[in-house]
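Residue-level listing of the chains:
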Amino acid sequence: MKQLVGCCGFKCYSCAAYEGNIHSEEERNTVCGKWNTYFQYPITPEQMHCDGCACGADRENPMIHSECEFLRCAREKNLSRCQECGDYPCGPLREYFDAYREAYLELKDEIPQGDEEGYFLTYMVEYEQAQE
């Protein structure tokens, strides 16, 4: 599978919601349930289609967050990725990543091992590296 990374640094290729990682309606339902459990993000199976923001808005299922403020900001600055910006990670992006980090730390002992990457670590790696 192509190692697609979103504009903000999310590793789309390892995200549980990425279209290439969902192989049945049962898996789609499972992902919806876990997003609601882990992040209180209610999403229906009909909404759970994501090809990643880097695929382009002309695709049938470009991304779950079709109004992503980070993608919009990067485009306004004529950047292909947030990491190209001198303000990376900006305050709003830092808050967004921190929310995943906080959820991970709060739930770490309860998260099945197979869920760590697809629901938490996929959203934290590049930000964590930027902090070093």
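Cut-offs used in this document
Residue positions are given per chain, counting from 1 as you read along its sequence in written order. With the structure being a predicted model, the display of local features is reserved for residues of pLDDT at least 70 and the display and counting of side-chain atom pairs for 80 or more, all residues being used for whole-chain, interface and lining totals. No hydrogens and no water enter the side-chain calculation; it runs on all heavy atoms of the structure. Comment: elements are numbered from the N terminus, with helices defined as DSSP H or I runs of at least four residues and strands as E runs of at least two. Helix span, as expected, comes to 1.5 Å for every residue beyond the first. Residue exposure (1.4 Å probe, protein chains only): buried if accessible area is under 20% of the type maximum, exposed if over 50%, otherwise partly exposed. Working definition: the arc comes from the directions between the helix axis and the C-beta atoms, pointing outward to the latter. Any cysteine sulfur atom paired with another within 2.5 Å is treated as part of a disulfide. By salt bridge we mean one thing: a side-chain nitrogen of Lys or Arg within 4 Å of a carboxyl oxygen of Asp or Glu.

Our next topic: helix 3 (residues 91-107). Its 17 residues place the ends of helix 3 24 Å apart at the C-alpha level, agreeing with the 24 Å of an ideal helix rising 1.5 Å per residue. Listing the buried residues of helix 3 in full gives Leu93, Phe97, Tyr100, Ala103, Tyr104 and Leu107. Along the long axis of helix 3, the arc covered by the buried residues comes to 115°, so they all point the same way. Among the exposed residues of helix 3, those oriented more than 90 degrees off its buried face are Glu95, Glu102, Leu105 and Glu106.

Omega for the peptide link from tyrosine 88 to proline 89 comes to -10°, which places this bond in the cis form. Tracing the sequence through the fold places proline 89 in the loop between helix 2 (69-76) and helix 3. For glutamine 40, which is not glycine, the phi torsion reads 50° and is therefore positive. Along the chain, glutamine 40 turns up in the loop between helix 1 (25-39) and helix 2. What makes glutamine 40 exposed here is its relative accessible area of 57%.

Using the criterion set out here, one finds 0 disulfides in the structure. You can see cysteine 15 has no disulfide; the closest cysteine sulfur is in cysteine 50, sitting 6.7 Å from it. Residue class for cysteine 15 comes out buried when judged on its relative accessible area of 9%. You can see cysteine 82 has no disulfide; the closest cysteine sulfur is in cysteine 7, sitting 3.8 Å from it. On the basis of relative accessibility, which here comes to 10%, the residue cysteine 82 falls in the buried class.

Let us look at the pattern of salt bridges. Tallying each qualifying case throughout the model produces 5 salt bridges. A salt bridge links arginine 28 to glutamate 19, with the shortest nitrogen-to-oxygen separation between them at 3.1 Å. Here arginine 28 makes a salt bridge to glutamate 25, at a shortest N to O gap of 3.3 Å. Linking arginine 28 with glutamate 25, this pair stays in helix 1, spanning 3 residues, or about one helical turn. In this structure arginine 28 comes out as buried when scored by relative accessible area, which is 5%. Relative accessible area serves as the criterion here: at 49%, glutamate 25 is assigned to the partly exposed category.

So, to be careful, I would describe these as geometric facts and stop short of saying anything about function.
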